[in-house]
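Residues per chain are reported as follows:
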Amino acid sequence: MREYLDGNAAIVRGALAAGCSFFAGYPITPASGILMAMMRELPARGGIAIQGEDEIASIGMCIGAAMTGARAMTATSGPGISLYSENIGLAVMGEVPLVIVDVQRLGPATGGATTVGQGDVQFVRWGTSGGYPIIALAPSTVAECYSLTVRAFELAERFRSPVFVLADKELGMTLTTVEADAFAPVEVRRRELATAGAPYRYEPAGDVPPMRRYGTGEPIRFTGSSHDEGALITKGPPTIGALNRHLASKIDEHLDEIELVDWDPQPGARSLVLSYGVTAGAARLAVERTRARGVAVAGLVVQSLWPVPEAAIGLALEGIGRVVVPELNLGQYRREIERLAGDREVVGIGRVDGELVTPEEIGAAVG
Amino acid sequence: MTAAIETIATFRNRLPYPFCPGCGHGSVLDRLDQALVRLGRDPSRVVIVSDIGCSGLSDQYFATNAFHGLHGRSITYATGIKLADPSLEVVVVMGDGGTGIGGTHLINAARRNVGITVVVMNNLNFGMTGGQHSTTTPEGAITSTTPGGNLEHPLDICATVGVNGAAFVYRGTSFDDELADRMLEAIERPGFALLDVWELFTAYFVKPNRFSRKAMESLMADADLPPGVLFRRDVAEYAAAYRAAHADDEVRSLATPIPIGFAAPLDQPVTLVVAGSAGGKVRSAARLVGEAAIRSGLWAVQRDDYPVTVQTGHSVAQLVLSPREMPLATVAAPDVLLLLSADGLRKAQPLLPAMRRDGVVVTIPEFAGVETPARVVVLDPAAASTRIGRDDLALVLLAASVAKLELLPVDALRAAAGTGAYAEANLAAIETGLGLARD
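Definitions and limits used
- Residues numbered from 1 in each chain as written.
- Chains lettered and ligands numbered in written order.
- Predicted model: local features only at pLDDT ≥ 70, side-chain atom pairs only at ≥ 80, totals over all residues.
- Heavy atoms only, no water.
- Helix = DSSP H or I, 4+ residues; strand = E, 2+ residues; numbered from the N terminus.
- Rg over C-alpha atoms; globule rule 2.2 N^0.38 Å.
- Contact = heavy atoms within 4.5 Å.
- Areas by Shrake-Rupley, 256 points an atom, 1.4 Å probe, with all protein chains shown as cover.
- Lys, Arg positive; Asp, Glu negative; His and termini not counted.
- Charge placed at Lys NZ, Arg CZ, Asp CG, Glu CD.
- Core = buried A, V, L, I, M, F, W, Y, C linked by side-chain atoms within 4.5 Å.
- Buried < 20%, exposed > 50% of the residue type's maximum accessible area, 1.4 Å probe, protein only.
- Polar contact = N/O pair within 3.5 Å; in protein donor to acceptor, adjacent residues only side chain to side chain.
- Buried area = accessible area lost by both parts, 1.4 Å probe.
- Salt bridge = Lys/Arg side-chain N within 4 Å of Asp/Glu carboxyl O.
- Pairing = 2+ DSSP bridges.
- Axes fitted to C-alpha atoms, helices over the stretch in contact; angles between N-to-C directions.

This part is about the overall build of chain A. Regarding its fold elements, chain A presents 13 helices and 17 strands. For a compact globule of 367 residues, the expected C-alpha radius of gyration is about 21 Å, and chain A comes in at 21 Å, within 12% of that figure. When its C-alpha atoms are laid out on the principal axes, chain A stretches across 65 × 45 × 40 Å. At a minimum sequence separation of 6, the contacts of chain A that also span at least 24 residues come to 75%. Carbon and sulfur atoms make up 52% of the accessible area of chain A, which totals about 12,300 Å². In chain A, the 32 positive side-chain charges and the 43 negative ones have mean positions that sit 2 Å from each other.

Next comes the structure, spelled out in structure tokens:
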């Protein structure tokens, strides 16, 4: 049996499979399909889905709900991520598990509502003030829209952190045939909910404090300001220095748990096509066609976009002389690869005209 | 031995307030403490959500749960908390600054009537940041950003939330004897409740404006901002109403598995582009063909293109049918192009010269003269056995193309169309198309 569905529907099914119990969002093409489906499906499952008065209210409601123990998700596109900005920082600072879906469209500003783009790659990385770590997963197929949304919930819980699912208009709204077993039920890991103890106690710095929630056990505090382990505001340099290092190291020290790539090596390959998201479709075709011409080439599809999976990329770069990075922006992820590539030639293919990079363009760049 | 009954004497903790001498914040928080004591709920069931500014410090002096978030957004966090766990008592403490930057949340919370209580500590200007004017600064008032006197009309917070549906609205001052009573009433009343509590701001506002308790009370009269309970309504609390409205919702499976019961002759991928007008059921017709392909053991991918508007302009569906799984990617030129309308032609024009000689353009007599290396097949809807509506043209021509080009078994298309609300009309359109293909 196979199914015929788009990525937005697969994201909704992933969220429901992962036990999402709270959703708030504001209408925006091309992410509205997620909002409408959650409004339809979540209440029947005992959850709450609400359309906020704007994106700011929507993510704010999600953060509040998460502090009662709800598994929360919101979904929008680039213009909405702009409005999420300060609350992304709040979720980082307050260590709130939250899944944020960005169904990218062409930007900047209103850009193209029904036009594909991958222009939010660095934006989701650096989209709020102060400097902070972030996790972002980029599905490259409709089946991955399901599996990586499930994974995003797991990582959000594991690290008490906002986690992005970075999709795009074509993945979100293109009907695709998927084997039905891609939607197998997943085991939803029960979260460790503590009922006592300081809500922000970590030792060592890379530890993630167990989640506390309102209404269970002794009262807890939450704050977006620099704070101590009890969330009382403080300016003490040792305390706030430790806090900010903790926010980084709780993720940076566990990269092996986050790294996710689809590596397709070939012996003797001197070229590597490194792609992510919807552009991986053309990249996979280009790799296949290049090999059919008798030219060895390797492929790497990066699914855990942030933090950059440096170990996996380093492995894939061994023996490679040229890396081709196709993306629907002017080189946002290419700069991360250049950072890791040493003397290797890094060739970017960037399209910002609302069309997908073609397998032919990639094939020509591989040589 | 007698069991000791422990009553909570205070919801305050032991920390002293940090507010300026003479500031009203402390007495407002003392009244809130009294109201919470009389409410009598366990502190672990109460959440105080504070905004930014000196009002944002408030939560630190209570032994309840606390949420200190971003400026102007306190109402949104409170809404999420209450929606997700209606058994919690949620009180927002914000300043007048928050009613400006968070004005839309104020209005919409009132409309929505989620059961939260908002206490606005309204000292008529920004305190913590240095005495700048706010939404509630009186006309003519001197502040650090209105050195010549405020030219803006002050926001009537109470009327704003009141006319938009709030369950309870009260205006008073930090000196009011009844403040704790009104706070308790606000907390206990279902729906959205707001108390606009005016205060003296001794550090900045009082001196340049010769402000006092008496001046504050006469300002209320002069500015037509009367004190007292201004709105008291019986409303349905949103979190409860939401749950009641969905109590009988049934969980339906989202899985829509498509059985494979046919076999298609394709050994290479075929790309069809259907170019028509928005509102012409282009996408839904193409979807039926995709489903028919899946029923025939093929893999279908349908990528749509249309303007942001609805029901005007072009609607183009690109359908790839393949004997093996195909990633989502652009196809340079289609094997089959269906031209249905002038909108579709405008959008598909660049594809025509790029098509191969063994490609096929299927169209209506109006576009019979298009220039392309591909073979042009003209089907005349006027020759059909029944009149073909604008909405049906896409499916009629798709069915005709499927049959003429032998892409799929037509029974697979019939099977795909045989369910759903439009089954009858779709099946009729398919038969019309099959008829056209035979003629």
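A few words now on the nonpolar core. The biggest cluster of nonpolar side chains holds 154 residues, and the ones touching the most others in it are F22(A), M38(A) and M73(A). For this core, the element with the most residues is helix α6 (residues 142-159) of chain A, which contributes 10 residues. Counting 63 residues, the second largest nonpolar core, distinct from the first, contains A275(B), V362(B), L379(B) and A417(B).

It is worth spelling out the side chain of R303(B) at this point. Checked against the element boundaries, R303(B) lands in strand β9 (residues 299-305). At 3.0 Å, the side chain of R303(B) forms a polar contact with the side chain of E170(A).

In this complex, chain B contributes 65 residues to the contact, which on the side of chain A involves 67 residues. Between chain B and chain A, the buried area comes to about 5,600 Å², and carbon and sulfur atoms account for 59% of it. Linking chain B to chain A there are 6 salt bridges. Note that E170(A) is salt-bridged to R303(B), the shortest N-O span being 3.0 Å.

Residue and element names in this part refer to chain A. Mapped onto the elements of the fold, L193 is located in strand β9 (residues 193-194). Between the C-alpha atoms of L193 and R213, which are 20 residues apart in sequence, the distance is 7.4 Å. If we ignore the near neighbours within four places in the chain, the residues touching L193 are M211 and R213.

On to the sheet that holds strand β1 (residues 46-50) of chain B, then. The strand order β11(A)-β2(B)-β1(B)-β3(B)-β4(B)-β6(B)-β5(B)-β7(B) describes an open sheet built from 8 strands, whose pairing is mixed. A single partner strand is all that each edge strand has here, and the edge strands are β11 (221-223) of chain A together with β7 (228-232) of chain B. Averaged over neighbouring strand pairs, the angle between their axes works out to 15° when direction is ignored. Pairing geometry for strand β5 (residues 168-173) of chain B and strand β6 (residues 193-198) of chain B, over 6 bridges, is parallel. Across the sheet, Y170(B) pairs through a bridge with L195(B), a residue of β6(B).

Right, let's get into the pattern of salt bridges. Taken as a whole, this structure holds 43 salt bridges over all chains when the rule is applied. Measuring nitrogen to oxygen at the nearest pair gives 3.5 Å for the salt bridge that ties E157(A) to R71(A). One end of the pair, E157(A), is in helix α6; the other, R71(A), is in the loop between α3 (55-66) and β4 (72-76), with 86 residues separating them in the sequence. For R71(A), a relative accessible area of 15% gives the class buried. Taken together, the salt bridges that share partners define one network made up of R40(A), E41(A), R45(A) and R252(B).

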